[in-house]
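What follows is the residue order along each chain.
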Amino acid sequence: MQGFLFSRPVPAEEFSSMLINRHNLDVSQYYKQFGTSNTLVLLDDEENVLRGIKRQLRKQNYDVYATTSPQQALEFIALHQAGVVISDQKMPKISGIKFLSMVRKLYPLTARIILSGHTEQMELIDAINEGAVFRVLTKPVNKEVLKQNILDGFEQYNLTSRKNKLED
């Protein structure tokens, strides 16, 4: 992939070297240029879960903000135009469904994913039916499933954002 969007044009040898060395392209400028988001906010009351998710995503080009505080998560969403929010369901101060319902009211375009180690089927079904959550993932979450659902969330957010801009 060459061109001025991701890098200046380079000779074939240099491009091959970029591929061989698994050069990661910084797409954050692309996101900013086109009014989309690559910001992911994680909320979980367990620090080790947050560290594990961040570790799984370290090679992805996302700006990841992780916290154990629902209030701080809301601040991250507001300050960084989060495209995707992942929240644990069982937390001491607020349930993930209630938190994501608040996010929906404040930031309706943000894709909301709930992460649950428990199967509260009726609660989760209600949250999906009411539109509070975009996806439901269960713990422990498979790395590839996590990455695909986050990607789907960003696609949803970016498509909806562009559509809203066109309507304005």
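Keep in mind it's a predicted model, so treat the numbers as computed, not measured. (Residues numbered from 1 in each chain as written. Predicted model: local features only at pLDDT ≥ 70, side-chain atom pairs only at ≥ 80, totals over all residues. Heavy atoms only, no water.)

Q: Just checking my understanding: could you explain unusual backbone geometry for this structure?
A: Leaving glycine aside, a negative phi is the common case for residues, and trans is the common case for peptide bonds. With an omega dihedral of -10 degrees, the bond running from Lys139 to Pro140 counts as a cis peptide bond. A positive phi angle is found at Gln81, which is not glycine, with a value near 45 degrees. Relative to the assigned elements, Gln81 resides in the loop between helix H4 (70-80) and strand E3 (84-88). Owing to a relative accessible area of 44%, Gln81 belongs among the partly exposed residues under this scheme. (Helix = DSSP H or I, 4+ residues; strand = E, 2+ residues; numbered from the N terminus. Buried < 20%, exposed > 50% of the residue type's maximum accessible area, 1.4 Å probe, protein only.)

Q: Please explain the confidence of the model for the chain as it appears in this structure.
A: Detail in the predicted coordinates should be disregarded across regions flagged by low pLDDT. Of all residues in the chain, 80% attain a pLDDT of 70 or more, and the chain-wide mean is 82. In this model, residues 26-35 is a region of pLDDT below 50 whose contacts with residues beyond four sequence positions or in other chains number 15 contacts. (pLDDT = per-residue confidence, 0-100. Contact = heavy atoms within 4.5 Å.)

Q: Please explain helix H3 (residues 47-56) as it appears in this structure.
A: Helical periodicity: at 3.6 residues per turn, an α-helix aligns residues three or four positions apart in one direction. Within H3, the full set of buried residues consists of Val49, Leu50, Gly52 and Ile53. Down the axis of H3, the buried side of the element spans an arc of 160 degrees, and every buried residue falls inside it. (Arc of directions from axis to C-beta.)

Q: What am I meant to see in the packing of aromatic side chains here?
A: With the rule as written, the count across this model stands at two aromatic pairs. Note on Tyr62 and Phe154: the rings are 4.8 Å apart at their centroids and 20 degrees apart in plane angle, and the pair reads as stacked. Pair noted here: Tyr62 is in the loop between H3 and strand E2 (63-67) and Phe154 is in helix H7 (residues 143-167), with a separation of 92 residues, a long-range link. One exposure class covers both Tyr62 and Phe154, and it is buried. Geometrically, the ring pair formed by Tyr65 and Phe76 is tilted, given 5.1 Å between the ring centres and 40 degrees between the ring planes. Taken together, the residues span a long stretch of sequence, with Tyr65 in strand E2 and Phe76 in helix H4 at a distance of 11 residues. (Phe/Tyr/Trp six-rings, centres within 6.5 Å; stacked < 30°, edge-to-face > 60°.)

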